[in-house]
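Chains, contacts and geometry: an overview
Here is how the chains run, residue by residue.
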Amino acid sequence: MPTAMTLNSESAMSPIRPMRLVLLAALATMPLPALRAQADPDTTLAQTVRALFAGRDFRARGIGPTRWLATGDGYTTLERPADVARGRDLVRHDPAAGRRTVLVSAKRLVPPGADAPLVIESYDWSPDGRRLLIFTNSERVWRDNTRGDYWVFDPGSGALHQLGGAEAPASSLMFAKFSPDGDRVAYVRAGDLYVERVADGTITRLTDDGSRTRVNGTTDWVYEEEFDLRDAFRWSPDGRRIAFWQFDMTGVRDFLLINDTDSLYSFTTPVQYPKAGTTNSAVRAGVIDARGGPITWLDLPGDPRDDYLPRMEWAASSTELVLQRMNRRQNRNRVFLADAATGRLTPVLTETDSLWLDAVDDWHWLGGGAEFLWISERSGWRHAYVVSRDGSRMRDITPGDAELIAVSAVDTTGGWLYYLASPDNPTQQYLYRARLDGSGRPERVTPAGQPGTHRYIVSPDARWALHTASRFDQPPVIDLVRLPSHEVVRVLEDNAPLRARVAELGHRAPEFFRVTVDSGVALDGWMLFPRDFDPAKRYPLLMYAYTEPWNQTVVDDWGGPRLLWHWALAERGYIVASVDNRGTPAPRGRAWRKAGTAAIGTLSSRDQAEAVRVLTRARAYLDATRVAIWGWSGGGSATLNAMFRFPDVYHVGMSVAPVPDQRLYDTIYQERYMGRPQDHPQAYHDGSPINFAEGLRGNLLLVHGSGDDNVHYQGTERLVNRLVDLGKRFDLMVYPNRTHCICEGEGTTPHVYGLLSRYLVEHLAPGAR
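Residues numbered from 1 in each chain as written. Predicted model: local features only at pLDDT ≥ 70, side-chain atom pairs only at ≥ 80, totals over all residues. Heavy atoms only, no water.

**Section: the overall build of the protein chain**
Across its full length, the protein chain holds 13 helices and 44 strands. The globule rule puts the C-alpha radius of gyration for 769 residues at 27 Å, and the 27 Å found for the protein chain is close to it. Residue burial in the protein chain is summarised as follows: out of 769 residues, 58% are buried. Carbon and sulfur atoms provide 49% of the accessible area of the protein chain, an area that totals close to 30200 Å². In the protein chain, which carries 89 positive and 94 negative side-chain charges, the distance between the mean positions of the two groups comes to 2 Å. (Helix = DSSP H or I, 4+ residues; strand = E, 2+ residues; numbered from the N terminus. Rg over C-alpha atoms; globule rule 2.2 N^0.38 Å. Buried < 20%, exposed > 50% of the residue type's maximum accessible area, 1.4 Å probe, protein only. Areas by Shrake-Rupley, 256 points an atom, 1.4 Å probe, with all protein chains shown as cover. Lys, Arg positive; Asp, Glu negative; His and termini not counted. Charge placed at Lys NZ, Arg CZ, Asp CG, Glu CD.)

In C-alpha cells:
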C-alpha cells in the first residue's frame, strides 16, 4: 500500500530524545551476547538495531539470479570471479553431474574503452542460446529498477554491443527482450517501442507518439503498483508481430512530491496518480508488424478508462492473443481471444464474484493450444481448472476444500501440475502435484516432517527444482532436488554463518497459536517471549499488524532482520505477537479472504482488538494495562484504527506510512475492496481512521517519508491537522524525500528502527511485574 525531524507542537508529547548509538569501536564488533553482558539494556537494544539493519551479517544469502536453460539440463548463476576484482562470471551448473562451467567470464564483458567489466544486474539468453542480453546501470522507476542500459554479448565471437544507438541517453531503455529467433531485440525508450537488429544495429522505431502523458509498451503508476504490470509488450511466437499496451494519461491528475532539501529552492516531482474515484488512464492494446507499419487496435469492450486490461499474452499462436478484461469494480473478469490481424474479439470465459476478483497470472496453454490453465474461486476455494480454448468445457483438477497458493510448473510431457498449497496449516507452504486430466487425487511432493515454508524454481522439464526451505526462526536452506521424488542432490546454500549467529542469540522458541474471537472465528497468530520468561509475572504486549488483503504477517517463514528486531524487543522485556484477521490473504478460502470487503479498517480492527482482549484474559502473563501496536503501510493504518477506535485496549501506537483517509489512495487497490467513494461514502468514512481520531488517549508516533509516491505524506499531514484541531498529543518523524520503504540514504533504516525501539521503551515500560 500501502527529514529527519521531530515535530513537537504545543499539543505534542515530550521530545524524542537522541538515539544512544555512539559506542566504542570495540563494542561494534562484539557478538550480541557479549554486548548483553557489558551494556545497559537500552544501549544493548540500540546496538542490536545497528547490527541488524546497518550491515549484512543478519541477512540470508541466496544463490544469485538463476535461470534454468530451456532444455532443463542446467541452470546458470552469477558468481564472483577469481581473476578480476569487479563484475560477475556467468556460470552453468549441471544438476545431474554437479559440473560447474564458466560460460561467460567477467573479463570478457569489458566494453571498448572501459577498464572494468559490466555489472550484470539481470540477464536473459536468446531462445537459441547463442546470445546473452545483459541489463546494467539501472535506475529506479517508482517501485523497481526498470530503466537502464542493455548490451548483447555473443560468446562465440566475443562481440559486445550496446543497444539503443548513439541517440539513446544512458539508462534509458526498458524491458528489452530477444525475438523468438534471437536476431532482434525489442525495447521501450521514452514511451515508444523500438526493434533493433543485433547483427548490424539497425533500429526501427515502431511508435512515435510517446510523451509524458502517452506511453507504449510500458504502463502508468497504478498498473505497475496494483497489477504488477510494467513490461507491456509481447513478441508473437513467430517473431513477426509485437502486441503492446498503450496508456493515455491525459486526465489523470498529477500528485506533486515536494523536495525541500536537494536544491537551494524547493521543487516538485509530478506523479500521475489516480486517487480513488478519480479518472484513470485510457488504456488500449494494439498489434504492429515488427518491421513497422500501421497498428491494428484491438476492439476492446467497455470504457478504456473504467475497464482494466491487466493481462494479455499470445494464445499459443501467432494469429491470436488472449486477454483479461476487468470492470472497474473488479468483480467481473472476461477472457477473450483477439484476432491479431483484425482486432476482433471472441468471448471465451467470464468470472464473476459478488465481491472482487484478482487478475489471473497462472495461465498456461496445453494440448498444443487446445486448452489452457485457469485459476478460479468459483467453488469457494482457489482451484486450478483446465478450460477448452472456446470456454465450453472446464474441469477442476485440484478439487476439495483446500487452496492452491500459486502454480510452480506445468509438466505437459508427464501430465502434471505442480503447485504450492497447505491444506492443513495456512501459515505454511508445500509443493503438491495434480494430474492435468483431473484423475486421481493431488499428491504432496514436499516430504512429510519438513514443516515451514517451501519455495521452488522448477526446471522446464519438471525433473529438477531449486528448493528453498525455511521456518519462522530458521534461516533458509537452498538445495537442488530431483522431482518428483524430492531427493536432495546437493545443498547450494545452507546459510550456516547466519544460523550460527541466530543460535548464538539464544532466543526462546516462538509459539504459533490460534485465538478464537467473539464471532467464533479462529485467528492464526505467533508470539515471542523473553529468554527468562516467567509465566507467574506480567509482561507488556507489543502487537505487530498489517491486516489488509495484500499480505499475511503470520507465516512460518524466516522473517529476517525485522523478526530479529522483534526478538530483541522481547529480550528487552516485551512479549511480541501478531495475528492475522479475517480479510488477510491466508489460504483459508474465499469467504475468509473477502470477509473485509467494504469494511477495510472496521472488521480488521475489531478482530485485532478482540484477539488482544481474549489473549490478555486467557494468559495471565500478558499485562492488559501495557499494550502497544505497530505496523507499516496497511499496518500503519491498522495502528491508527487500533489507537483511535479501541483506546481501552491499546496504550502506545507506532504508525509508519499509514493511509489515514482511504479516499487518498489509488483507484485500483482501494476500489477493489471498497468501491468508489462517490458510490460508497459511508463505507469510506467508516473505514478511514482519521474520522475516529477523537478517540486517541494513548501515546502515538507517526512516521512517514515525504517522498512517498505510493502512500502520500499528504494523508499524515491531514491527520496532523485533525489531531491538532482536537488538541491531541502525538509525536511525528518525517524523513525527507524517502519513499514508502523509508530506506534511501545511508543510515536511514537503522534510524527508523532505532526510533521505534526508543519510542516503545520510553512510552511503554518494559519488563515483567
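Having seen the structure, we can now continue with the description.
**Here we look at the confidence of the model for the protein chain**
When pLDDT is averaged across the protein chain, the result is 94; 95% of the residues are at 70 or more. With pLDDT under 50 throughout, residues 2–30 is counted as low confidence; its partners more than four residues away or in other chains account for 73 contacts. (pLDDT = per-residue confidence, 0-100. Contact = heavy atoms within 4.5 Å.)

**Describing the sheet that holds strand β27 (residues 383–388)**
Ordered by their spatial adjacency, four strands build an open sheet running β25-β26-β27-β28, and the pairing between neighbours is antiparallel. Each edge of the open sheet carries a strand with a single partner, namely β25 (365–366) and β28 (394–396). Across six bridges, the pairing between strand β26 (residues 371–376) and β27 is antiparallel. Across the sheet, the residue bridging to Phe372 is Val387, located in β27. (Pairing = 2+ DSSP bridges.)

**Thoughts on empty space enclosed by the protein**
Roughly 70 Å³ of internal volume is contained in the second largest cavity. Lining the second largest cavity we find 14 residues, and of these Glu548, Ile600, Ser637, Gln662 and Gly687 sit closest to its centre. With four residues, the top contributor of residues to the lining of the second largest cavity is helix α9 (residues 634–645). Residue composition of the lining of the second largest cavity, by class: four nonpolar, nine polar and one charged. (1 Å grid on protein atoms, 1.4 Å probe; cavity = no way out; pocket = protein on both sides within 12 Å on 5 of 7 lines; lining within 4 Å. Points joined across faces, edges and corners; volume = space filled by probe spheres on them. Nonpolar A, V, L, I, M, F, W, Y, C, P; charged D, E, K, R; others polar.)

**Focus: the layout of surface pockets**
Counted as a void, the second largest pocket has a volume near 880 Å³. As for the second largest pocket, its lining consists of 34 residues, of which Val141, Trp142, Arg147, Thr269 and Pro270 are closest to the centre. Among the secondary structure elements, those contributing two or more residues to the lining of the second largest pocket are β7 (132–141), β11 (184–189), α4 (221–226), β17 (254–259) and β18 (267–272). For the lining of the second largest pocket, the leading source of residues is β18, giving five residues.

**Quick notes on the nonpolar core**
One broad rule of soluble globular proteins: the nonpolar side chains tend to lie buried together. Ranked by size, the top nonpolar core spans 46 residues in total, and within it Tyr223, Trp245, Leu298, Leu309, Met312, Leu321 and Leu323 carry the most contacts. Apart from the residues lying within four places of it in its own chain, the contact partners of Leu309 are Tyr223, Leu229, Trp245, Val283, Ala285, Leu300, Leu323, Gln324 and Arg325. Grouped together as the second largest cluster of nonpolar side chains are 45 residues, Leu615, Leu640, Phe644 and Tyr713 included. (Core = buried A, V, L, I, M, F, W, Y, C linked by side-chain atoms within 4.5 Å.)

**Here's the deal with the packing of aromatic side chains**
The tally for this structure, following the rule as stated, stands at 30 aromatic pairs. Seen from their ring centres, Tyr544 and Trp630 are 5.1 Å apart, and the 25° between their planes marks the pair as stacked. One end of the pair, Tyr544, is in strand β39 (residues 539–544); the other, Trp630, is in strand β41 (residues 622–632), with 86 residues separating them in the sequence. In this pair, the class of Tyr544 matches that of Trp630, namely buried. Geometrically, the ring pair formed by Tyr669 and Tyr673 is edge-to-face, given 4.9 Å between the ring centres and 75° between the ring planes. Here the residue Tyr669 and the residue Tyr673 both occupy positions in helix α10 (residues 667–674), the gap between them amounting to four residues, near one helical turn. Taken as a pair, Tyr669 and Tyr673 share a single burial class, namely buried. These aromatic residues form a ring-pair network of at least three members: Phe53, Tyr544, Trp565, Trp630, Trp632 and Tyr753. For Lys594, the ring lying beneath its charged end belongs to Trp356, and the centroid distance is 4.8 Å. Its guanidinium or amino end placed over the ring of Phe692, Arg645 lies 4.1 Å from that ring's centre, counting from NZ or CZ. (Phe/Tyr/Trp six-rings, centres within 6.5 Å; stacked < 30°, edge-to-face > 60°. Lys NZ or Arg CZ within 6 Å of the ring centre and 35° of its normal.)

**Looking at α10**
A large share of α10 lies buried, amounting to eight of its eight residues. Restricting attention to buried positions, one finds in α10 the residues Thr667, Ile668, Tyr669, Gln670, Glu671, Arg672, Tyr673 and Met674. With its phi angle positive at about 75°, Gly675 sits one or two positions after the end of α10.

**A few points about helix α8 (residues 603–618)**
With 16 residues, α8 extends 22 Å from end C-alpha to end C-alpha; this agrees with the ideal 22 Å at 1.5 Å per step. Where burial is concerned, most of α8 is hidden: twelve out of the 16 residues are buried. Of all the positions in α8, only Leu603, Ser604, Ser605, Asp607, Gln608, Ala609, Glu610, Ala611, Val612, Val614, Leu615 and Thr616 are classed as buried. (Expected span 1.5 Å × (residues − 1).)

**Topic: the pattern of salt bridges**
In the structure shown here, the tally under the stated rule is 54 salt bridges. Asp94 is the salt-bridge partner of Arg99, the closest N and O atoms lying 3.1 Å from each other. By relative accessible area, which is 13% here, Asp94 ends up buried. Between Arg328 and Glu671 there is a salt bridge, with its nearest N and O atoms 2.7 Å apart. Of this pair, Arg328 sits in the loop between β22 (320–327) and β23 (332–339) while Glu671 sits in helix α10, placing them 343 residues apart in sequence. An identical accessibility class is assigned to Arg328 and Glu671; each is buried. (Salt bridge = Lys/Arg side-chain N within 4 Å of Asp/Glu carboxyl O.)

**Some remarks on the state of the cysteines**
What is meant by a disulfide is a covalent connection between two cysteines, made through their sulfur atoms. In this structure the tally under the stated criterion is one disulfide. Cys741 shares a disulfide with Cys743; S-S distance 2.0 Å. Residues Cys741 and Cys743 are joined through a disulfide that is left-handed, its torsion about the S-S bond being -55°. (Disulfide = S-S within 2.5 Å.)

**Observations regarding the environment of Asp479**
Here Asp479 is to be found in strand β35 (residues 474–482). The exposure class of Asp479 is buried, given its relative accessible area of 8%. With 43 residues separating them along the chain, Asp479 and Leu436 place their C-alpha atoms 27 Å apart.

**Focus on the sheet that holds strand β31 (residues 430–435)**
With antiparallel pairing, four strands are arranged side by side in an open sheet as β29-β30-β31-β32. Single-partner strands in this sheet number two, and they are β29 (404–411) and β32 (443–444). The sheet contact formed by β29 and strand β30 (residues 416–421) spans six bridges and is antiparallel. For Ala409, the partnering residue across the bridge sits in β30 and is Tyr418.

**A closer look at the side chain of Glu493**
Assignment of secondary structure puts Glu493 in strand β36 (residues 487–493). Classification of Glu493 by relative accessible area gives buried; the value is 11%. Reaching out from Glu493, the side chain makes a polar contact with the backbone nitrogen of Asn495 at a distance of 2.7 Å. Apart from the residues lying within four places of it in its own chain, the contact partners of Glu493 are Arg61, Gly62, Ile63, Pro476, Val477 and Ile478. (Polar contact = N/O pair within 3.5 Å; in protein donor to acceptor, adjacent residues only side chain to side chain.)

**Some words on the pairing of strand β10 (residues 173–178)**
Where burial is concerned, most of β10 is hidden: six out of the six residues are buried. Across two bridges, the pairing between strand β8 (residues 144–153) and β10 is antiparallel. Residue pairing for β10: Gly148 is matched across the bridge by Leu173. By the bridge criterion, four bridges tie β10 to β11 in an arrangement that is antiparallel. Across the sheet, the residue bridging to Met174 is Val188, located in β11.

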